[in-house]
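Commentary on secondary and tertiary structure
Spelled out from the first residue to the last, the chains are:
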Amino acid sequence: MPDIVTLTMNPALDVTTYTAEVRPTSKLRCEAPRLEAGGGGINVAKVAGVLGVSAGAVYPAGGPTGDTLSALLAAGGVDSRRIDIDGMTRESFTAIERSTGHEYRFVLPGPELSVEDQERCLDLLVETATGARYVVASGSLPPGVPGEFVQRVADAATDAGARFVLDSSGDALRRIKSGVHLVKPSLRELREWVGRELRTPHEQAAAAHELVDAGVAEVVVVSLGPEGALLVSADTTARLKALDVPVRSAVGAGDSMVAGLVVGLLRGRSLRDALALGIAAGSAALLTPGSQVCRRDDVERFDVLARQR
């Protein structure tokens, strides 16, 4: 039985390649692509596995891209729980320009999920999550899935006896009302959520506290990019600085941060020290090309640094 169960409603086959220079209207000769199974919850499950924690990944998939994604998960040892759908799993394409190191990311919307598909996803989630300690829903919602669906996921996690962690955006965030143990918006997403600019650290912390006080979530972690992260709960307010590491690719860094956070909580760390492990995992992800998963030795090395800040 996995300790962590993730739900990815809009998985993607991540395709990463390099080209010398990106120019309009030109044929861009690319190197052989690297293929990875991707999507928020899937990435969380992969990183949890790297850190030595069992994680099951629930996701809908269809078509040849879905088959390739599932095969990659199986080869990587991820406990894969697939819901077969008629639509074709999307691709996400990243081209890295060697002359500058700039990353160009092209993200497709994904297949439309029917109401029946959505119900089957919920049913399998409940079945898989029974006995798990954490359920993590991460990533965007595909066409056809309303924002209200995330509240149903939160309720299902509660019914299964697991703590619910949410990392999403847009309507999914605005529709959630209760049942969340931890939510991780970016600063931009928090601004959109509360409808204010949040120019100062005090305003940012106050907005996060509003969500805690309203009973939406017990813990709010706001990712601040190069400024680190803000942690807010009923009795805690803390900021942890980002680590200064070279960046090969930012793909999957946010998902790695969530994975590190949840693994830290699973191991009984304090909120602050769990966030330090999240920052370490997110930083380690910056060192790997494309959506390649982070390395455990990098995470452990950065964890020591993050806990000292």
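Just so it is clear, the structure is predicted and the values come from calculations on it, not from any experiment.

The next thing to look at is the pairing of strand E9 (residues 163-167). Where burial is concerned, most of E9 is hidden: four out of the five residues are buried. Inspection of the sheet shows strand E8 (residues 134-138) paired to E9 by five bridges, in the parallel sense. Bridge pairing in E9 places Tyr 134 opposite Arg 163. Note on the crossover from E8 through helix H4 (residues 149-159) to E9: the handedness is right-handed. Relative to strand E10 (residues 180-183), E9 is paired through two bridges, and the arrangement is parallel. When the sheet's bridge partners are listed, Leu 166 is paired in E10 with Val 183.

Another point: the UniProt feature "domain: Carbohydrate kinase PfkB" (unreviewed entry) in the chain. Per the UniProt entry, the sites bearing "domain: Carbohydrate kinase PfkB" (unreviewed entry) are residues 14-294 in this numbering. Span residues 14-294 is 37% helix and 24% strand, its end C-alpha atoms 15 Å apart.

A separate point is the side chain of Thr 16. As for its position among the elements, Thr 16 is in strand E2 (residues 12-19). In contact with Thr 16, not counting residues within four places along its chain, are Ala 32, Pro 33, Arg 34, Thr 94, Ile 96, Gly 290 and Ser 291.

Once that is clear, we can look at the packing of helix H8 (residues 253-266) against helix H9 (residues 271-285). Running from amino to carboxyl end, H8 crosses H9 at an angle of 145°, the nearest separation of the two axes being 7 Å. In the packing of H8 onto H9, the handedness of the crossing is right-handed. Contact residues: Ala 253, Ser 256, Met 257, Gly 260, Leu 261, Val 263, Gly 264 and Leu 265 in H8; Leu 271, Ala 274, Leu 275, Leu 277, Gly 278, Ile 279, Ala 281, Gly 282 and Ala 285 in H9. For the contact of H8 with H9, the per-class residue count stands at 12 nonpolar, five polar and no charged.

Rules and cut-offs
- Residues numbered from 1 in each chain as written.
- Predicted model: local features only at pLDDT ≥ 70, side-chain atom pairs only at ≥ 80, totals over all residues.
- Heavy atoms only, no water.
- Buried < 20%, exposed > 50% of the residue type's maximum accessible area, 1.4 Å probe, protein only.
- Helix = DSSP H or I, 4+ residues; strand = E, 2+ residues; numbered from the N terminus.
- Pairing = 2+ DSSP bridges.
- Right-handed = clockwise from strand over helix to strand, strands pointing away.
- UniProt positions renumbered as here; feature names shortened; annotations may be inferred.
- Contact = heavy atoms within 4.5 Å.
- Axes fitted to C-alpha atoms, helices over the stretch in contact; angles between N-to-C directions.
- Left-handed = near helix turned anticlockwise from the far one by under 90°.
- Nonpolar A, V, L, I, M, F, W, Y, C, P; charged D, E, K, R; others polar.

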